[in-house]
Amino acid sequence: MTRPRLVVARRMPRDVDARIRRDFEAWFPAGPGIGPSPLAMVGAAKEHKADAVLIATNLALSADIIAALPKSVKIVGSFGVGFDHVDVAAAKRAGLIVTNTPEVLTECTADLAFLLLLGACRRAAEYVGIMREGWRRPVSDMLGVKVSGKTLGIVGMGRIGRAVAQRARGFDMKILYTDAARLPDELEQGATFVPDLYEMLGQADIVSIHAPLMAETRKMMDAKAFAAMQEGAVFVNAARGALVDEDALLAALTSGHLFAAGLDVFASEPDYDLRFRDLPNVFLTPHTGSATVETRNAMGFRVLDNIDAVLAGDDPIDPLWR
Amino acid sequence: MTRPVLYITRRLPAAPEARARRDYEVRQNEQDVPVTAADILRNADGADAILCSPAEKLDAGTIAALPGSVKAIATFSVGFEHVDIAAAKKRGIPVGNTPDVLSVATAEIALLLMLAAARRAGEAERIVRAGQWAGWAPTQLIGTHVAGKRLGIFGMGRIGRELAKMARGLGMEVHYRNRSRLPDDLAAGAIYHEDEDSFLAASEVLSLHAPGGEGTRKWLNAERIAKLPKGVVIVNTARGTSVDDEALIAALKSGQVAAAGLDVYDGEPKLNPGYLALENVVLLPHLGSANMVTRDAMGFRALDNIDAALAGKSMPYPVA
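Here the structure is a predicted model, which means the values were calculated and not measured. (Residues numbered from 1 in each chain as written. Chains lettered and ligands numbered in written order. Predicted model: local features only at pLDDT ≥ 70, side-chain atom pairs only at ≥ 80, totals over all residues.)

### A short note on the overall build of chain B
Moving on, step 1. Across its full length, chain B holds 13 helices and twelve strands.
Moving on, step 2. For a compact globule of 320 residues, the expected C-alpha radius of gyration is about 20 Å, and chain B comes in at 22 Å, within 12% of that figure.
Moving on, step 3. When each of the 320 residues of chain B is scored for burial, the buried share is 51%. (Helix = DSSP H or I, 4+ residues; strand = E, 2+ residues; numbered from the N terminus. Rg over C-alpha atoms; globule rule 2.2 N^0.38 Å. Buried ≥ 20, exposed ≤ 12 C-beta atoms within 10 Å, placed from the backbone.)

Right, dumping it as structure tokens:
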């Protein structure tokens, strides 16, 4: 029996790699680096006569790329939950099945968001820097902001937003959220719905954003939004960098209007705006929301489950269009 | 009427400092530099009370040499190993500390260190700041998953219990070891281990919250580390002396311990240089209490102790 043919455009965790080698006639990128460009991926799919392609959120699946893919490709499985890199309308027109990996990274990303929140409030970047220099200065004048008992505002109360709210309850925080609509009670779990974004921003001590990136949400955190936040507030972003107008955020951090920010994502990655690097009051991580062995394995397996289903003639589990 | 003289060994946060200056003739270490025993004795001459911090050693010799004017000692801390309580008792000088206010703030630091160590945030921060971020990859900077794991808490006092509550928000299962089993309402579902080996084997993340002293000196040694699950994450916000640094550094190198988050050190502010060479440690400079509200509250409690003692009453937060 011949095995299905798969182009693996991004390096996979070891256990995922093993399953791929067991089940597929697979093409892997040669050499170091993050993997092929979208055009090179198309070339590999043609040459390899691929039935399926495995990509990640940093490989843009534009209308042109979708049109250029060979007809042999029945599914593109994307490793990650966000799908702002996919032109879903073009995929639908072309009849190309594209899937993502929801649910499996919820807890992990919420942990990272809470780490950023604590790290920003408690000035972890500055303190860790002092330790690495050998702790040769007193730190008693460098006080942070206490987290427990504060008001947390969540922008976008989907799965990850709700998992962050659950963590915040362990800190006796008051939880506000804003979203397109109010959640049912069992999902809201006592959090207070504030329909207006700016009104919610004004009431929160700490704001964490968990919205998907779409045309309507692009740069939603702009100068007006940061001005609406309280003096001394803290901002956290473990969702998508393009949700934020980074010039406005830099201005708010530099002026002292915001006390600090915790950022895992940037408008441009990995060549992020280096002005962030020069600020002491930011806690920075390189897009590691889902970076644990368990979660990255679960994400990889979820992509493969989707590919297996489609190549067996079944419906995909996590299609981006129906 | 002349105000009593208060010697404050270090700078305090603004609010308690203002209260101290309102109520006392304050002698203070304006430059906030480390203080020797000789400095303490010189400044204490003629002072009615001393407000000290854990950075100063008030050992038996220093206390015996204190001038007769000193009628109270308050430390700006929960711990009081730096004050020889027996010697103070012999002189009839009451000593007070600042309990409670620290619990939540210290538990916050413990949870921060747990997440930061597990998720390799120290390393991640350095990569990003150095401009060495080569691009996102599914295999980059993979850390240890924390949500849903078993957390072992060594010492289930106030801080340990606050951490347990926070950890439940991450869906963690809490195990603990303590001198005695807690009543159900305080344990809140946490699993007590009478047996140390079963406790160590259960701890996928281990956080230390036991008091210092000889009983826990180098408690976390090579033998106990070997009994923890491979890939464990270690957190210490309690006492640096509870850890055998050489053993922990060896285990961090071998991979037996995946990562460690430390806020306290044996011999601090000096720390074992072996830690500085490791990527899989997140180090903080003893800041369990470093947030504004908590530090203010500690300052007020220290002043409450002194106010009471100088008014001839018992201290509200005595240590002995």
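### What to know about the interface of chain B and chain A
Moving on, step 1. Taken together, the contact between chain B and chain A spans 56 residues of the former and 56 residues of the latter.
Moving on, step 2. At the level of secondary structure, the elements contributing two or more residues to the side of chain B that touches chain A comprise helix 5 (102–118), helix 6 (121–129), helix 7 (158–168), strand 12 (281–283) and helix 13 (292–310) of chain B.
Moving on, step 3. Looking at the side of chain B that touches chain A element by element, the count peaks at eight residues for helix 5 of chain B.
Moving on, step 4. Of the residues in the side of chain B that touches chain A, the class split is 33 nonpolar, 13 polar and ten charged. (Contact = placed C-beta atoms within 7 Å. Nonpolar A, V, L, I, M, F, W, Y, C, P; charged D, E, K, R; others polar.)

### Looking at the nonpolar core
Moving on, step 1. If you look at the biggest cluster of nonpolar residues, it comprises 210 residues, and the most contacted ones within it are A:Val53, A:Val234, A:Val236, A:Leu258, A:Ala261 and B:Met114.
Moving on, step 2. Looking at this core element by element, the count peaks at 14 residues for helix 5 of chain B.
Moving on, step 3. With sequence-adjacent residues up to four places away left out, B:Met114 is seen in contact with B:Val146, B:Val205, B:Ser207, B:Val233, B:Val235 and B:Gly261. (Core = buried A, V, L, I, M, F, W, Y, C linked by C-beta atoms within 7 Å.)

### Describing the pairing of strand 11 (residues 257–262) of chain B
For a regular strand, the rule is simple: side chains alternate between the two faces of the sheet.
Residue and element names in this part refer to chain B.
Moving on, step 1. Counted residue by residue, strand 11 has six buried out of six residues, so it is predominantly covered.
Moving on, step 2. Where strand 10 (residues 232–236) lies against strand 11, five bridges are found, and the strand directions are parallel. Bridging across to strand 11, Ile 234 finds its partner in Ala 260.
Moving on, step 3. Read from strand 10 through helix 11 (residues 245–254) to strand 11, the crossover connection turns out right-handed.
Moving on, step 4. Of the pairings in the sheet, the one linking strand 11 to strand 12 comprises three bridges and is parallel in character. (Pairing = 2+ DSSP bridges. Right-handed = clockwise from strand over helix to strand, strands pointing away.)

### A word on unusual backbone geometry
Moving on, step 1. Here the amide bond leading from A:Glu269 into A:Pro270 is cis, since omega sits at 0 degrees, within 30 degrees of zero.
Moving on, step 2. Within the fold, A:Pro270 resides in the loop between strand 11 (258–263) and strand 12 (282–284).
Moving on, step 3. Of note, the bond from B:Glu268 into B:Pro269 is cis; its omega dihedral lies within 30 degrees of zero at 10 degrees.
Moving on, step 4. A positive phi is found at A:Glu103, a non-glycine position, where the angle reads about 70 degrees.
Moving on, step 5. Summarising the element assignment, A:Glu103 is placed in the loop between strand 5 (97–99) and helix 5 (106–121).
Moving on, step 6. Here A:Glu103 falls in the exposed class, since 12 other C-beta atoms lie within 10 Å of it.
Moving on, step 7. Phi at A:Asp172 takes a positive value of approximately 55 degrees, unusual for a residue other than glycine.
Moving on, step 8. Along the chain, A:Asp172 falls in the loop between helix 7 (159–169) and strand 7 (174–178).
Moving on, step 9. A tally of 14 C-beta atoms within 10 Å means that A:Asp172 is categorised as partly exposed.

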